[in-house]
Amino acid sequence: MNQRVTIVYCTQCRWLLRAGWMAQELLSTFDSELDELTLKPGTGGIFEVYANDQCVWSRKDAGRFPEITELKQVVRDVIAPERDLGHIDRKKKLNL
């Protein structure tokens, strides 16, 4: 299966740098799992992240941008659910 992530960001809000940084973080974390990562310009305040066509984060629904650790976890849950994210997962378990 072709593993892919798409980040849709608002050009009017100038969120390209944020989207690019998050893309870089995802590419470095999932370098052996991801086949494709796309930045897709949009308008109207949109900031959404899709993993294999499944929306895993919506700024509108969440009311905020994701923390990078949150984003890595929700992307991982779709593209590589068996993958351990090391300190990110351990921190989450400690906070439960």
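Refer to the structure presented above.
As a convention, each chain's residues are numbered from 1 in the sequence order in which they are written. Where local features are concerned, this predicted model is filtered to residues with pLDDT of at least 70; where side-chain atom pairs are given and counted, the filter is 80 or more; whole-chain, interface and lining totals use all residues. With hydrogens and water excluded, all non-hydrogen atoms of the structure serve as input to the side-chain values.

K.L.:
An account of the packing of aromatic side chains is needed here, citing residue identities and associated values.
P.N.:
Pairing of aromatic rings covers Phe, Tyr and the six-membered ring of Trp, with a centre-to-centre limit of 6.5 Å; geometry is then stacked below 30 degrees between planes, edge-to-face above 60, and tilted otherwise. On inspection of all chains with the given rule, the structure shows 3 aromatic pairs. Consider the rings of Trp15 and Phe65, whose centres lie 4.8 Å apart with planes at 85 degrees: the pair is edge-to-face. A residue pair is termed long-range when its members are at least 10 positions apart, and Trp15 in the loop between β1 (4–10) and α1 (16–29) and Phe65 in the loop between α2 (59–62) and α3 (68–79) qualify at 50 residues. The cut-offs for exposure are 20% and 50% of the maximum accessible area for each residue type, with area from a 1.4 Å probe on protein chains only; residues under the lower value are buried, those over the upper are exposed, and the others partly exposed. Of the residues examined, Trp15 reaches a relative accessible area of 14% and is grouped as buried. Think of it this way: any DSSP run of H or I at least four residues long counts as a helix, any run of E at least two long counts as a strand, and we number them from the N terminus.

K.L.:
Quick one: what's the story with the nonpolar core, residue by residue and with numbers?
P.N.:
Here, nonpolar core means buried Ala, Val, Leu, Ile, Met, Phe, Trp, Tyr and Cys residues that are tied together by side-chain atoms lying within 4.5 Å of each other. Ranked by size, the top nonpolar core spans 24 residues in total, and within it Ile7, Phe47, Val49, Leu71 and Val75 carry the most contacts. Those elements that provide at least two residues to this core are β1, α1, β3 (47–51), β4 (54–58) and α3. Every residue in contact with Leu71, bar those within four places of it in the chain, is listed here: Met22, Leu26, Val49, Trp57 and Pro66. Contacts between residues were defined by any pair of non-hydrogen atoms, one from each residue, lying within 4.5 Å.

K.L.:
A description of the pattern of salt bridges should follow, citing residues and the corresponding values.
P.N.:
Salt bridge criterion: a side-chain nitrogen from Lys or Arg within 4 Å of a carboxyl oxygen from Asp or Glu. Per the counting criterion, the structure on display carries 5 salt bridges. A salt bridge links Arg64 to Glu70; the shortest N-O distance between them is 2.7 Å. With relative accessibility at 23%, the residue Glu70 sits in the partly exposed group. Its salt-bridge partner being Arg76, residue Asp77 comes within 2.8 Å of it at the nearest N-O pair.

K.L.:
Which residues make up the sheet that holds strand β2 (residues 36–42), and what values go with them?
P.N.:
If you trace the 4 strands from one edge of the open sheet to the other, you get β2-β1-β3-β4, paired in mixed fashion. On the outer flanks of this sheet lie β2 and β4, each paired with one strand and no other. Across this sheet, the average inter-strand angle for adjacent strands is 20 degrees, counted without regard to direction. Should DSSP find at least two bridges between two strands, the strands are taken to pair. Summarising the sheet, β3 and β4 pair through 4 bridges and their orientation is antiparallel. Fitting a line to C-alpha atoms yields each axis, with helices limited to the stretch in contact; the angle taken between N-to-C directions then spans 0 to 180 degrees.

K.L.:
Residues and numbers for the side chain of Thr29, please.
P.N.:
Residue placement: Thr29 occurs in helix α1. A polar side-chain atom of Thr29 sits 3.0 Å from a polar atom in the side chain of Lys72. Sequence-distant contacts of Thr29, defined by excluding residues within four places in its chain, comprise Lys72, Arg83 and Leu85. Between N or O atoms, a polar contact is any pair within 3.5 Å; within protein, one atom must be a potential hydrogen donor and the other a potential acceptor, and residues adjacent in sequence are included only when both atoms are from side chains.

K.L.:
A description of the pairing of β1 should follow, citing residues and the corresponding values.
P.N.:
Where burial is concerned, most of β1 is hidden: 6 out of the 7 residues are buried. Alignment of β1 against β2, held across 7 bridges, turns out to be parallel. Bridged to Arg4 within β2 is Glu36. Assignment of crossover handedness uses the view with strands pointing away from the viewer, where a clockwise path from the first strand over the helix to the second indicates a right-handed crossover. In this region the chain leaves β1, passes through α1 and returns to the parallel neighbour β2; the handedness of that crossover is right-handed. Where β1 meets β3, 5 bridges bridge the pair, whose relative direction is antiparallel. Bridging from a neighbouring strand, Val5 pairs with Ala51 of β3.

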